[in-house]
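# Fold and geometry: a report
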Amino acid sequence: MPKIELSRVSGDYGFEATDEYGHTIKMDSSPESGGLNYGVRPMQMLLMGLGGCSAIDVIAILKKQRQDVRDYKMVINGDREPNKEPSLWKEVNIEFHLYGDIDPDKAQKAADLSIGKYCSVAATLIKAGAEIKYKVVVHP
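This text gives an overview of the structure that appears in the document. (Residues numbered from 1 in each chain as written. Predicted model: local features only at pLDDT ≥ 70, side-chain atom pairs only at ≥ 80, totals over all residues. Heavy atoms only, no water.)

## So, the environment of Asp57
- On the secondary structure map, Asp57 appears in helix H1 (residues 42-64).
- When its relative accessible area of 15% is taken as the criterion, Asp57 is described as buried.
- Sequence separation of Asp57 and Cys119 is 62 residues, and the distance between their C-alpha atoms is 7.0 Å. (Helix = DSSP H or I, 4+ residues; strand = E, 2+ residues; numbered from the N terminus. Buried < 20%, exposed > 50% of the residue type's maximum accessible area, 1.4 Å probe, protein only.)

## Structural notes on the pattern of salt bridges
- Evaluation of the coordinates by the stated rule reveals 5 salt bridges.
- Lys84 is the salt-bridge partner of Glu81, the closest N and O atoms lying 3.7 Å from each other. (Salt bridge = Lys/Arg side-chain N within 4 Å of Asp/Glu carboxyl O.)

## Examining the environment of Ala107
- With respect to the helices and strands, Ala107 occurs in helix H2 (residues 104-118).
- The sequence separation of Ala107 and Met1 amounts to 106 residues, and the corresponding C-alpha distance is 33 Å.
- Beyond its immediate chain neighbours, meaning those up to four positions away, Ala107 contacts Leu62, Leu98, Ile102, Val136 and Val138. (Contact = heavy atoms within 4.5 Å.)

## Quick word on the sheet that holds strand E3 (residues 24-27)
- Reading across the sheet, the 3 strands line up as E1-E2-E3 and stay open at both edges, with antiparallel pairing between neighbours. Edge positions in the sheet fall to strand E1 (4-10) and E3, since each has one partner strand and no second. Here the average twist between neighbouring strands, direction ignored, is 25 degrees.
- The pairing of strand E2 (residues 14-19) with E3 spans 4 bridges and is antiparallel. Opposite Phe15, over in E3, you have Met27 as the bridge partner. (Pairing = 2+ DSSP bridges. Axes fitted to C-alpha atoms, helices over the stretch in contact; angles between N-to-C directions.)

## Concerning the packing of H1 against H2
- As a packed pair, H1 and H2 sit with axes 9 Å apart at the nearest point and diverge in direction by 130 degrees. On the basis of their axis angle, the class for H1 and H2 is oblique. With respect to the hand of their crossing, H1 and H2 are arranged in right-handed fashion. Across the interface between the two elements, Leu50, Ser54, Asp57, Val58, Ile61 and Leu62 of H1 pack against Lys106, Ala107, Ala110, Ala111, Leu113, Ser114, Ile115 and Tyr118 of H2.
- Grouping the amino acids of the contact of H1 with H2 by side-chain chemistry returns 10 nonpolar, 2 polar and 2 charged. (Parallel < 35°, antiparallel > 145°, perpendicular 65-115°, else oblique. Left-handed = near helix turned anticlockwise from the far one by under 90°. Nonpolar A, V, L, I, M, F, W, Y, C, P; charged D, E, K, R; others polar.)

Spelled out as structure tokens, the structure:
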């Protein structure tokens, strides 16, 4: 079972979370709600996790198909439910940007498989009611 340790290290809401391998993430609340902008907001971290999870899937699928992925970028943004507590992600938009000698149909299929089948973070967000929209752009 994964283990995370969280410690307050900056102001009232500045935390560091460390996993069992020693990897550390800094988190904080927004200055508007009393934070010091020390780190990433926890809800944005969910979108970062979505990006990492899906990127690993997409690249692994394309490598198996012998596609030459020279570079990879994603742009992820989302809208949360207004005036609700908790305020969940209601819509998430992703742009997959793949660079290299890549068949666009294979890239699209890899993204479809990631978001629709393999990415646990995407599945978690979808089960929480988020709609995930995405597009794939292949750059030569």
